[in-house]
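Structural characterization, general
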Amino acid sequence: WMNQYREDEVRIVVEECRQRRTYVSAHCHPASAIRRAIEFGVRCIEHGTLIDEPTAALAAAAGVYIVPTLVILTALTELGQQLGLPRPNLEKAIEVHSQALEGLEIMRRAGVQIGFGTDLIGETYARQSQEFLIRRHVFADIDILRQATSIGAAILMQEAMLGCVRPGAHADLLVVNGNPLQDISLLAQDGAALPVIMKAGRFVKRVI
């Protein structure tokens, strides 16, 4: 509920990043924080969980990217007590989690450019691929696949190198045992449906 950094501070950081041909990404949950970040020139919003319709429309119009991270909220609500999360933090996670899918739907309707992220660390990291399953409640499988590939590449300003299959690109490739355009859960099996994984042209996994 509490916004941080003054307008002049944010704008200075944004301008310094522009001079270096890069961009600013901001950690924001509430709509008020998202809106002011967009108005001050921030290019990418991490989380964006508590977004409302006017703010989503503003993000879409400004071409701002938002990277929701729903699986960490699920993990914290289910494992927070076990992991020793302080009670106020657990209560915050539960509150935000209850509104996460609604926020995702608001972004979808507004046409916001959505990236793929999880925010998982430590013992929760094993749930990495479950983000694919959560997003199925709102998005078609092909949309989720784009979020995890070409849109992610656009966020990183690496469209020619990532999220594509073309000569000269980084050659980060997966061979999927099935069709993820019809069943995105193939990517949520901790690699069981991925007989081949290539990173930067080198095999990380090859069982065929």
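Described in the following lines is the structure provided in the data block. It should be emphasised that the depicted structure is a prediction, and the values quoted were computed from it without experimental measurement. (Residues numbered from 1 in each chain as written. Predicted model: local features only at pLDDT ≥ 70, side-chain atom pairs only at ≥ 80, totals over all residues. Heavy atoms only, no water.)

What about the packing of aromatic side chains?
To keep it simple, the criterion reads: Paired rings are identified among Phe, Tyr and Trp, the last through its six-membered ring, by centres lying within 6.5 Å, and are further divided according to the angle between planes into stacked (under 30 degrees), edge-to-face (over 60) and tilted (the rest). Any Lys NZ or Arg CZ that is within 6 Å of a ring centre and within 35 degrees of that ring's normal is treated as a charge sitting over the ring.
If you walk through the whole model with that rule in mind, you get one aromatic pair. We note Arg43 situated over the ring of Tyr23; from NZ or CZ to the ring centre the distance is 4.6 Å. Taking the ring centre of Phe203 as reference, the NZ or CZ of Arg206 above it sits at 4.3 Å.

Structural notes on the environment of Met157
To keep things clear, this is the line we draw: Numbered from the N terminus, helices here are DSSP runs of H or I no shorter than four residues, and strands are runs of E no shorter than two. Partly exposed residues are those whose accessible area sits between 20% and 50% of the maximum for their type, while under 20% is buried and over 50% is exposed, using a 1.4 Å probe and protein chains only. Between two residues, a contact is recorded if the distance between any of their heavy atoms is within 4.5 Å.
Looking at where Met157 falls in the secondary structure, it is placed in the loop between α8 (150–155) and β5 (173–175). Here Met157 falls in the partly exposed class, since its relative accessible area comes to 37%. Separated by 132 residues in sequence, Met157 and Ser25 have C-alpha atoms that sit 13 Å apart. The residues touching Met157, leaving out its near neighbours within four places in the chain, are Arg21, Thr22, Tyr23 and Arg43.

Here's the deal with the sheet that holds strand β3 (residues 65–67)
What counts here: Two strands make a pair as long as DSSP finds a minimum of two bridges between them.
Taken in spatial order, the four strands of this open sheet run β1-β2-β3-β4, and their pairing is parallel. The outermost strands of the open sheet, each flanked by one partner alone, are β1 (25–30) and β4 (113–114).

So, the side chain of Thr55
To keep things clear, this is the line we draw: The term polar contact refers here to a pair of N or O atoms within 3.5 Å; inside protein, the definition further demands a hydrogen-donor-capable atom paired with an acceptor-capable atom, and it admits residues adjacent in sequence only when both atoms are side-chain atoms.
One can find Thr55 in helix α3 (residues 53–62). Residue classification places Thr55 among the buried positions, given a relative accessible area of 2%. Reaching out from Thr55, the side chain makes a polar contact with the side chain of Asp52 at a distance of 2.6 Å. Residues within four places of Thr55 in sequence aside, it is in contact with Ala31, Ile34, Arg35 and Ile38.

Comments concerning the pairing of strand β6 (residues 196–199)
Of the two faces of β6, only the one carrying Val196 and Met198 is buried; Ile197 and Lys199 on the other face are not. Where β5 lies against β6, three bridges are found, and the strand directions are antiparallel. Residue pairing across strands places Val175 opposite Val196, the latter belonging to β6. Pairing between β6 and strand β7 (residues 202–206): four bridges, direction antiparallel. Paired with Ile197 across the two strands is Lys205, which belongs to β7.

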